[in-house]
Each structure stands twice: as structure tokens, then as C-alpha cells.
Amino acid sequence: SLPHVTEDVKWGNDLCFLIGGKMFCVTGFNTPLTVSIKVTDEEFEELSVRDGIIPAPYLARYKWIYIRNEKVFSKKDWEHYIRQSYELVKAKLPKKILKGLG
């Protein structure tokens, strides 16, 4: 429901949510539900040591976390972290792409 979000299936089995062609949330089609999102530098260390969360493979250097247990966050927390990931990725988009998004 976030503005200008598109969906794409990558690597044959991952549903990716994108803003301006850049991923901000990745989940699989299989159970259990797993999700990767970008977090702030400050939150990365704190969240990646929580039970059910690890640094995201291949993306940890960009401060992405991999959530292996959906119950680690409340619904309100999920909404916050997904929106925050969206905003963090959107903020890094080139001005030309941002202008095209309106």
C-alpha cells in the first residue's frame, strides 16, 4: 500500500517489493514466513542479535536483516520496519528516478 511500490519475483522463489526499481523488502513464497528488510545503522546491531533475526545473507553490509521468525515483531513493529526500509531505500534513489515518482 506504499506509494509507487512494484513487485517482482527474483531468483525463482522470492517476492521482492521495490521502490524505483530498488528492493526494500524480500520474502519467500514458502513457509515459514521469512523477510529481509533494510534497517538503520543504529538498529542493525541491536536487531541482528535478537532471537529469530540474523544479518541478511549477501546484504548485511548494507544493513539488512533477515527475520526468520515473524513473531519477533508486533503488527505495529512490522508496519514501522517495512515503512522505514521503504523510506531508507527511497532516500538513496537518484534524483531523476525520484522526480519520475512524483
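Residues numbered from 1 in each chain as written. Predicted model: local features only at pLDDT ≥ 70, side-chain atom pairs only at ≥ 80, totals over all residues. Heavy atoms only, no water.

## Observations regarding the packing of aromatic side chains
Scanning the entire structure with this criterion turns up three aromatic pairs. An angle of 85° between the planes, with centres 5.2 Å apart, marks the rings of Phe73 and Trp78 as edge-to-face. Judged by relative accessible area, which is 6%, Phe73 ranks as buried. A relative accessible area of 14% means that Trp78 is categorised as buried. Aromatic rings pair up to connect Phe73, Trp78 and Tyr81 into one cluster. (Phe/Tyr/Trp six-rings, centres within 6.5 Å; stacked < 30°, edge-to-face > 60°. Buried < 20%, exposed > 50% of the residue type's maximum accessible area, 1.4 Å probe, protein only.)

## A look at the pattern of salt bridges
Throughout the structure, instances matching the rule amount to three salt bridges. One salt bridge in this structure joins Asp8 and Lys10, with 3.1 Å as the shortest N-O distance. By relative accessible area, which is 32% here, Asp8 ends up partly exposed. The closest approach of N and O atoms between Lys75 and Glu79, which form a salt bridge, is 3.2 Å. Residue Lys75 and its partner Glu79 are both found in helix 2 (residues 75–91); the two are separated by four residues, about one turn of the helix. Take Lys75: its relative accessible area is 63%, and that puts it in the exposed class. (Salt bridge = Lys/Arg side-chain N within 4 Å of Asp/Glu carboxyl O. Helix = DSSP H or I, 4+ residues; strand = E, 2+ residues; numbered from the N terminus.)

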